[in-house]
Structure formats: C-alpha cells, structure tokens
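# Descriptive analysis of the structure
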Amino acid sequence: MSDKIAIIYWSGTGNTEAMAKSVQKGIENSGASAELFSVSSFSGNVDDYSKLALGCPAMGAEVLEESEFQPFYDSIKSKLSGKKLALFGSYDWGDGEWMRIWQEDVSSAGASLVKDGLIVNLTPDDNGLNQCVELGESLAKA
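Note that the structure is predicted; figures quoted are calculated from it, not measured.

## Section: the nonpolar core
Counting residues in each nonpolar core, the largest one holds 27 residues, and the members touching the most others are Ile 8, Leu 52, Leu 54, Phe 69, Tyr 73, Leu 80 and Trp 102. Listed by contribution, the elements that provide at least two residues to this core are strand E1 (5-9), strand E3 (51-55), helix H2 (69-76), strand E4 (84-91) and helix H3 (97-108). In contact with Leu 52, other than residues within four places in its own chain, are Ala 6, Ile 8, Val 46, Leu 80, Lys 83, Lys 84, Leu 85, Ala 86 and Leu 139. By size, the runner-up hydrophobic cluster in this structure holds 17 residues, among which are Ile 5, Ala 34, Val 120 and Cys 132.

In structure tokens, the structure reads:
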C-alpha cells in the first residue's frame, strides 16, 4: 500500500469544509499530497489509503451527521485497522463529547490517531485554521 492520504468530510455550513482545506494545506506544506473529498463524492476504496483525515461536525445531541457521514463511517470502520487517522470537525454547542466518542471508536477499530481530534467552535478563525494546518502536517509526517 502506498502512502496515500485521503481527506473525507461532511460539511453543512462550510465550516468543516474550510477545516478540511486547511488540513490539506498542512499535508502539502509537508511535501505530501492528499485527495480531498466531500463524503458524498468519495467513491474510492479506503483500502487504497494508508492515512485518512475524517471531518464531521457535531450534530443534534453531539453525534456525527446521520444521513451521509455516519453510514459512510460505519461502512469503512472495519477497514481502519492499521491506518493512521486524523479527526476534525466544528461544533456549535456542547463540550466535544462527539469527538471523544469518535476517537474511542476509531481506536477500538485498530486505527492510530496522530493527534487528538480537533474541534473548532463554529467558523474557524485564523487560530483554528492554523490548528488544522498543524493537524495535516502531523498526519503527513506520521
């Protein structure tokens, strides 16, 4: 398996999409390349990638987006073992419980997180976008 990286995200308002593009920038800053997909446009096979960045905002009672992202995640969960992962997403309320649950879930699936999941409140500011760049750099170097 080559050292291919995919960034796959769901975004309702554009906040998580902005985060995804900054993660991609960080990967590229490190001299690597990554393919960027909205979850609905990803038709590839996660087996083709050794590293994944997954982005999804908190929805409802702090859960992953349920109509597109959760079914996609459920469909790839069994293929995450041995992969290096970065998780990110925006939120509007709560304390990040959805991210803690998601981190535990990918770890129990056998993936290794390169950093703690990155959460940004609402629209990412410059600091938030810089954290996304750093997350991408960490994934590229992992």
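## Describing unusual backbone geometry
Positive phi, normally seen in glycine, also occurs at Glu 62, with a value near 55°. Following the sequence through the fold, Glu 62 ends up in the loop between E3 and H2. The backbone of Leu 122 sits at a positive phi, close to 55°, despite the residue not being glycine. When you line up the elements, Leu 122 lands in the loop between strand E6 (118-121) and helix H4 (126-141).

## Regarding the packing of helix H1 (residues 15-29) against H4
The N-to-C vectors of H1 and H4 enclose an angle of 45°; their axes lie 6 Å apart at closest approach. Taken as axis vectors, H1 and H4 run oblique relative to one another. Note on packing geometry: the crossing formed by H1 with H4 is right-handed. Along the contact surface, H1 presents Ala 18, Met 19, Ser 22, Val 23, Lys 25, Gly 26, Ile 27 and Asn 29, while H4 presents Leu 129, Cys 132, Val 133, Leu 135, Gly 136, Glu 137, Leu 139 and Ala 140. Within the contact of H1 with H4, the residues separate by chemical class into ten nonpolar, four polar and two charged.

Rules and cut-offs
Residues numbered from 1 in each chain as written. Predicted model: local features only at pLDDT ≥ 70, side-chain atom pairs only at ≥ 80, totals over all residues. Heavy atoms only, no water. Core = buried A, V, L, I, M, F, W, Y, C linked by side-chain atoms within 4.5 Å. Buried < 20%, exposed > 50% of the residue type's maximum accessible area, 1.4 Å probe, protein only. Helix = DSSP H or I, 4+ residues; strand = E, 2+ residues; numbered from the N terminus. Contact = heavy atoms within 4.5 Å. Axes fitted to C-alpha atoms, helices over the stretch in contact; angles between N-to-C directions. Parallel < 35°, antiparallel > 145°, perpendicular 65-115°, else oblique. Left-handed = near helix turned anticlockwise from the far one by under 90°. Nonpolar A, V, L, I, M, F, W, Y, C, P; charged D, E, K, R; others polar.

In short, geometric facts, not functional conclusions.
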